[in-house]
Amino acid sequence: MKHLICFLILFLVSGVGSFDLVIDEIPDEVENLINLEIDGFPSSSKTRNGRYQRSTSDWGYVGDLVEDDDKIGLYSYKVQSTITSRLANTMIQAKMVNNAKRSQHIVFDVQVPKGAFIDNFTMDINGITFTSRIREKSEARKMYSQAKAKGKAAGIVRSNALDMENFKTEVNVPPGMKIQFELHYHEMIRRKLSSYEHVISVKPGRLAKHMEVDVRIIEPQGLRYVHVPNSLGDHFDGITTISKGEKKAHVSFKPTMAQQRKCPTCSSTAVDGNFVVQYDVNRETTGGELEIFNGYFIHFFAPENLDPLPKNILFVIDVSGSMWGLKMKQTIEAMKAILSELRAADQFSLIDFNHNVRCWRDNLVSATPAQVEDAKKYIQTIHPNGGTNINEALLRATFILNEAQNLGMLDPNSVSMIVLVSDGDPTVGELKLTTIQKNVKQSIKDEFSLFCLGIGFDVDYDFLQRIATDNRGMAQRIFGNQETSAQMKNFYNQVSTPLLKKIQFNYPQESVSDVTQSSFHNYFGGSEIVVAGKVDTENLQHLESIVTATAANAELVMETLRDVEELDGFMKKDRYADPEFTKKLWAYLTVNQMLAERNTAPTAALKRNITKSILQMSLDHHIVTPFTAMLIENAEKDEIMLADQPKDPRRGCCPGTLGLTPNAPNNNKGIPAWANDTIAPASLPEQRSPPTSSLSINRVDNDPHFIIHLPKSQRNICFNINSEPGKILNLVSDPGTGVVVNGQLIGAKKTENKKLNTYFGKIGFYFKNKGLKVEITTETITLKDGSYGITLTWSDTGHIIRKQLLVSVMKESNVTITVGEEMSFMVLLHRVWKNHPVNVDFLGIYIPPENQFSPAAHGLIGQFASEPEVYIHHQRPGQAPEKPQATMEVKGNKLTVTRGLQKDYRTDRVLGTDVQCWFVHNSGKGFIDGHYKDYLVPHLYSFLKKP
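Remember, predicted model here, so these are calculated numbers, not experimental data.

Some thoughts on the nonpolar core
Then, in step 1: Counting residues in hydrophobic clusters, the biggest one holds 59 residues, and the most contacted among them are Phe 765, Ile 776, Ile 817, Phe 825, Met 888 and Phe 927.
Then, in step 2: Ignoring anything within four residues of it in the chain, the contact list for Phe 765 reads Val 740, Val 741, Leu 772, Lys 773, Val 774, Ile 776, Ile 817, Phe 825, Val 827, Ile 845 and Tyr 941.
Then, in step 3: In this structure, Ala 88, Val 112, Phe 167 and Leu 183 belong to the second largest nonpolar core, which totals 56 residues.

What follows is the structure, encoded as structure tokens:
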């Protein structure tokens, strides 16, 4: 084994944030260990330069591991989380071993809550430890580039995220070698709906000899309750133990290997989900709880037993064509429930918008039973269609609230808010997001709050966060699925009960400094406001706070006084409590506050100053933020990996509308999430294709080149089909789902080197169960339903929806076809110079392996829905140095294959991206079933005949 390849990927799921780390050469230390085996494991007794060796040599007996067919054993999977006054420090550790006789990939795949700060990651390979440090991003990238130039590194590229980010490390490990992964992150547990909820993703992927989730809670305020819902399923009833004291609790989940099994004889694990711990604390004073330790104070403020303030609320609902189907159905269901929960003192109205804006009532009305019932009937009649005019809809909402205020219709003690529900970008009216943000800010002024619900993955969630934060609100992503309604109601419940407004926290200026946000527009029941700062404990005996706020019937002034040494004795006695919890919480709040301020900074100069402050905080507190990167390296610092902070760009594409939306913006040219290029550079000197994400796809492009991605073995296998113009090749034929995909070949204008190249000039899709056909040529896109038909040209940007099938066209770029949540396809257009003497326009097709084809699926691509076993060995020099050969065993055949490059045109339709693959000669003979001529069909919508 000559190379060690590591891939570190952060997704967000539904996202997902991702980055890749690659070492192009195996470290000398590990190379030296490979042939030193003790009891089947490389010895870790050999050191270099006094290298400290970690716990892989201290595992003890590692026999009796349950291995899958890949012979990878999971010795232990441990999660340790300690919550100290809402600050949760979490460590996830996995110890694994490769008991196979060949090198193979070992994966460490966990999910990290969005918003958590990753502060450390280590890998230990048979006693050789890779540790991490934080550097300014450009400095880290420079160091990485220098190391890469020496063949000692590779790294990171792209990211996106959802509410949970996938952190995936994949290492190609020599036979018999042990490896330990360890990830550390911390986060502040926020209170929602009267409960703190700590969520830990536990997905070991296989049976573990030792499995443990250990959560300790230390809350000086005292614990009201601790509850662990059965989030992992009934399979684990009675396994979790809870020990609760007055101020401390211990939660333990230690299933035996037998308890982990899905069934008594199964070799797969049933541990696959989120482990959730819920709790709340005691509250004795209305003014909140001051906790002071190590030079910092934290002020937790969550008063109860207050009468709700009346609210004036405007619901602004997107009813454009992209909301059609399940999203609209779930939104209507949620809105009907939300309207039922309005209080008699509340005032409300509804605005629904597509390219036009409509008001259920032009002014606010009282939430009487009759008005609420009428509003429900109105919502029930909504039928989504058309474009999206967010700017006008929000300005109409602010106009209604401003007019009501000017006319004296609003209770002075009431809270006014707008709730926007949308699933996409503006396509009509004002399209520039910064202009919309400015318009709304000027219209709302400092009077109202804006809350945004972004449904699905098409929405620009970053924009919704900016516009909500800029207007004293918050945003939340709602996943467009069967639980959309419940998620919307849950969000509404968080803001449905305003208890206080105009809350101001005051502290003695001569004693405190660097205080986080201390002025708040509203406080909602069931939540909590947290303020932190530095305090001069050397010259102060007590710290006093004064909180002023407006309640339903009075102006409140609440005072709190605390001894600055009150916590010292408690903290020093508890060996699990984090002695830096106040410092970490202050840093967590400060960095997040500065990130929000930077997003809304009015000038470039101010934005630069805030960026500098965030950078310094990130370096001081060793956390990965958008302006820092994590370097992971060995002790000699000559093997470097780079990891960037995951950001949260939009993912997905194609908000659909009924008919044509000619003014829809071209966002990333409509490339759907699964088609986004995640291919590592083709220079990686490894037999297997670089692991892409689970969104890797099968593709047919150029003249025509087939690239089949095998997800389990993470290989790309490619072959060409050389046939004649006019012939129709079957790509997918699935009688189980009634889906057919065929491509018709066209020829070049003339032969070159005595060969006439062929390309796909027409691709047909037949969805038999729906009675729908889609024909895509280099000129037009046509949807047919019996005698009904509608045609778009490649000069259009538009969407067609019929029978829950969405055809989305991005001008001169691509077509995506989406069938519910089951299937999606993308067809890419290649244009050439009209007067080119040889080349012609042609099409490429991209099909994700996640498509839910039936076991009966076949065709040149469809047959690989059931992945065949592929074994590649005996790599040897080929006729050209850059094209080595190897022997591939597949489907009972032994084939000579050649390592080479093919093109992926998803993100660069002119030059393409090089993709490494093993090339099968003779039109894929031996890799595909039968001969390629067996896949010729008579018509564009013909199923493949059974052999």
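Regarding the state of the cysteines
Then, in step 1: All told, the structure shown has two disulfides when counted by the stated rule.
Then, in step 2: Two residues share a disulfide in this structure: Cys 263 and Cys 266, whose sulfurs sit 1.8 Å from each other. Residues Cys 263 and Cys 266 share a disulfide whose torsion about the S-S bond is about 95 degrees; that sign makes it right-handed.

Some details on helix α12 (residues 604-621)
Then, in step 1: End to end, α12 covers 26 Å across 18 residues, agreeing with the expected 26 Å (1.5 Å per residue, within 8%).
Then, in step 2: Of the residues making up α12, those classed as buried are Ile 610, Thr 611, Ile 614, Met 617 and Ser 618. Projection of α12 onto a plane perpendicular to its axis shows the buried side chains occupying an angular sector of 130 degrees, all on one side. Opposite the buried face of α12, at more than 90 degrees from it, the exposed residues are Arg 608 and Lys 612.
Then, in step 3: Where α12 is buried, its residues touch β8 (128-136), α11 (581-599) and β34 (628-633).
Then, in step 4: A positive backbone phi angle near 55 degrees is found at His 622, which sits one or two residues after α12.

Details of the pattern of salt bridges
Then, in step 1: Considering all chains together, one arrives at 27 salt bridges under this definition.
Then, in step 2: Note that Arg 191 is salt-bridged to Asp 280, the shortest N-O span being 3.1 Å. Placement of the pair is Arg 191 in strand β12 (residues 191-192) and Asp 280 in strand β18 (residues 273-281), with a sequence separation of 89 residues.
Then, in step 3: Residue Arg 191 is classed as buried on the basis of its relative accessible area of 5%.
Then, in step 4: Residue Asp 280 is classed as buried on the basis of its relative accessible area of 0%.
Then, in step 5: The closest approach of N and O atoms between Arg 396 and Glu 392, which form a salt bridge, is 3.4 Å. Residue Arg 396 and its partner Glu 392 are both found in helix α6 (residues 390-406); the two are separated by four residues, about one turn of the helix.
Then, in step 6: Exposure remark for Glu 392: the relative accessible area of 34% places this residue in the partly exposed category.
Then, in step 7: Through salt bridges with shared partners, a single ionic network connects Arg 86, Arg 191, Glu 219, Arg 224, Asp 280, Arg 283, Glu 304 and Glu 528.

Let's talk about the sheet that holds strand β28 (residues 498-506)
Then, in step 1: Spatially, four strands are ordered β30-β28-β32-β33 in an open sheet, and the strand pairing comes out antiparallel. One side of each edge strand has no neighbouring strand; the edge strands of this open sheet are β30 (519-524) and β33 (555-563). When strand polarity is set aside, the average angle formed by the axes of neighbouring strands in this sheet is 30 degrees.
Then, in step 2: The pairing of β28 with strand β32 (residues 542-550) spans four bridges and is antiparallel. Residue pairing for β32: Lys 501 is matched across the bridge by Thr 550.

Some words on helix α4 (residues 326-340)
Then, in step 1: For α4, which comprises 15 residues, the first-to-last C-alpha distance of 22 Å matches the rise-based estimate of 21 Å (1.5 Å per residue) to within 8%.
Then, in step 2: Looking only at α4, the buried set comprises Lys 327, Met 328, Gln 330, Thr 331, Ile 332, Ala 334, Met 335, Ile 338 and Leu 339.
Then, in step 3: Elements that come into contact with the buried residues of α4 comprise β21 (311-318), β22 (347-353), α5 (369-380), β25 (415-422), β26 (449-455) and α9 (484-495).

Some points on the packing of aromatic side chains
Describing an aromatic ring pair means giving the distance of the ring centres and the angle of the ring planes.
Then, in step 1: The tally for this structure, following the rule as stated, stands at 26 aromatic pairs.
Then, in step 2: Between the aromatic rings of Phe 236 and Phe 253, the centroid separation amounts to 5.5 Å while the plane-to-plane angle is 80 degrees, which identifies the pairing as edge-to-face. Residue Phe 236 is located in the loop between β15 (223-227) and β16 (241-244), and its partner Phe 253 is located in strand β17 (residues 248-253); the two are separated by 17 residues in the primary sequence. The exposure classification of Phe 236 matches that of Phe 253, with both residues buried.

Comments concerning the side chain of Thr 82
Then, in step 1: Tracing the backbone through its elements, the reader meets Thr 82 in strand β4 (residues 72-84).
Then, in step 2: By relative accessible area, which is 18% here, Thr 82 ends up buried.
Then, in step 3: Beyond its immediate stretch of four places on either side in the chain, Thr 82 contacts Leu 87, Ala 88, Asn 89, Arg 216, Ile 218 and Tyr 576.

Digging into the environment of Gln 487
Then, in step 1: With respect to the element layout, Gln 487 can be found in helix α9.
Then, in step 2: Distance in space between the C-alpha atoms of Gln 487 and Ala 334 is 8.6 Å, their sequence separation being 153 residues.

Parameters and conventions
Residues numbered from 1 in each chain as written. Predicted model: local features only at pLDDT ≥ 70, side-chain atom pairs only at ≥ 80, totals over all residues. Heavy atoms only, no water. Core = buried A, V, L, I, M, F, W, Y, C linked by side-chain atoms within 4.5 Å. Buried < 20%, exposed > 50% of the residue type's maximum accessible area, 1.4 Å probe, protein only. Contact = heavy atoms within 4.5 Å. Disulfide = S-S within 2.5 Å. Helix = DSSP H or I, 4+ residues; strand = E, 2+ residues; numbered from the N terminus. Expected span 1.5 Å × (residues − 1). Arc of directions from axis to C-beta. Salt bridge = Lys/Arg side-chain N within 4 Å of Asp/Glu carboxyl O. Pairing = 2+ DSSP bridges. Axes fitted to C-alpha atoms, helices over the stretch in contact; angles between N-to-C directions. Phe/Tyr/Trp six-rings, centres within 6.5 Å; stacked < 30°, edge-to-face > 60°.

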